[in-house]
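Chain by chain, the residues:
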Amino acid sequence: MCKNSQDVICSNAGTCHCGRCKCDNSDGNGLVYGKFCECDDRECIDDETEEICGGHGKCYCGNCYCEAGWHGDKCEFQCDITPWESKRRCTSPDGKICSNRGICVCGECSCHDVDPTGDWGDIHGDTCECDERDCRAVYDRYSDDFCSGHGQCNCGRCDCKVGWYGKKCEHPNSCPLSAEESIKKCQGSSDLPCSGRGKCECGKCTCYPPGDRRVYGRTCECDNRRCEDLDGVICGGHGTCSCGRCVCEKGWFGKLCQHPRKCNMTEEQSKSLCESADGILCSGKGSCHCGKCICSAEEWYISGEFCDCDDRDCDKHDGLICTGNGICSCGNCECWDGWNGNACEIWLGTEYP
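Residues numbered from 1 in each chain as written. Predicted model: local features only at pLDDT ≥ 70, side-chain atom pairs only at ≥ 80, totals over all residues. Heavy atoms only, no water.

Visitor: Mind laying out the pattern of salt bridges, listing which residues take part and the relevant values?
Guide: One pass over the structure, following the stated rule, counts 11 salt bridges. The salt bridge involving Arg 312 is made with Asp 310; its shortest N-O contact spans 2.8 Å. Residue Arg 312 is classed as partly exposed on the basis of its relative accessible area of 41%. For Asp 310, a relative accessible area of 19% translates into the label buried. Salt bridges sharing partners connect three or more residues here, namely Glu 85, Arg 88 and Arg 89. (Salt bridge = Lys/Arg side-chain N within 4 Å of Asp/Glu carboxyl O. Buried < 20%, exposed > 50% of the residue type's maximum accessible area, 1.4 Å probe, protein only.)

This is how it looks when you write it as structure tokens:
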């Protein structure tokens, strides 16, 4: 009756009396306890300060549970960021801390599933948002049964090959068209099927994100998200969006109708606001209007407050900058809602075609 699950009497931390364990308590501090003396809170004592959990946490059965802002086996390390900032960095797109699949330590998620080889395991991502187990027909971490062998696993979701569909690509899709004919019908005037914003099946496009009316057209050629700035304002509030292009009201112009035609500045005042740190007007790649740089339309990839950014530096996927699912902001992709990844190539929404 005194043996623990490893058949050790009183966990070698006490003696057995009439079927019950009497735990060692030589110091009179009661740090060894439990039905089988399995809990030893002496493991929580900091060797340097001799305090339990360094005075920055509570001990339960030999393990320290640290206060906000502290971490380590003995809560001996303090975070260099605030608890609020730590929580913000660990919050996944669905609003959960580390997607409920890991623990947050100083703004970084430690996912519960870690591959012993040192590579990421089935659960990975900055906020543990990707769970590759969802791609397996029958879960076995040592098998290679991803997407029924008919697709690629992308952050826990299956991207099926042509001719297959289903959550795990388990269903064959009967189509009278060949793979080449299907892709050709989905291309339209674009080089990429479905303009790189959707999925082609049997010559028809399903646009991403599913159900978002801002992306539409036979080949998903219209993307009205392009009319929004980073705050979600459409055409700067001074125009309407038509198939991804702003039609500006009278008195306004620019890609997002952000520039008023009238200006109350002198030419000198305007130019002084357009000069970059090196003294060059709009980095030599644009013109100055009313204190703001208007980047050259011929060089579509030039952007930034002083036309100093090259949008070609942003990550690409399938030949598209930011995969067409975000805005390139000075070399970094700012992804639209539901998308993640360096090139906004990972769809994290709940619905997946």
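Let us keep going from here.
Visitor: Pulling in residues and values, what's your account of the state of the cysteines?
Guide: Under the counting rule described, the total for this entry stands at 31 disulfides. A disulfide bridge connects Cys 222 with Cys 243, and the sulfur atoms are separated by 1.9 Å. Judged by the torsion about the S-S bond (-85°), the Cys 222/Cys 243 disulfide is left-handed. Taken together, the residues span a long stretch of sequence, with Cys 222 in strand E20 (residues 222–223) and Cys 243 in the loop between strand E21 (239–242) and strand E22 (245–248) at a distance of 21 residues. In this model Cys 18 remains outside any disulfide bridge; the closest cysteine sulfur is found in Cys 16, 8.3 Å from its own. (Disulfide = S-S within 2.5 Å. Helix = DSSP H or I, 4+ residues; strand = E, 2+ residues; numbered from the N terminus.)

Visitor: I'd like a description of the environment of Cys 222, backed by residues and values.
Guide: According to the relative accessible area criterion, Cys 222 is buried, its value standing at 6%. On a C-alpha basis, the gap between Cys 222 and Cys 207 in space is 9.9 Å, while along the polypeptide they are 15 residues apart.

Visitor: Would you mind going over the confidence of the model for the chain in detail, with residue names and values included?
Guide: Put simply, the chain has an average pLDDT of 83, and 93% of its residues get 70 or more. By mean pLDDT, strand E34 (residues 346–347) is the weakest element of the chain at 79, and E21 is the strongest at 93. (pLDDT = per-residue confidence, 0-100.)

Visitor: Quick rundown of the pairing of strand E13 (residues 151–154)? Include the residues and the values.
Guide: Judged from the four bridges that link them, E13 and strand E14 (residues 157–160) form a sheet pairing that is antiparallel. Residue pairing for E14: Asn 154 is matched across the bridge by Arg 157. A loop of two residues connects E13 with E14, the two strands running antiparallel in sequence, and Cys 155 in this loop sits at a positive phi of about 55°. (Pairing = 2+ DSSP bridges.)

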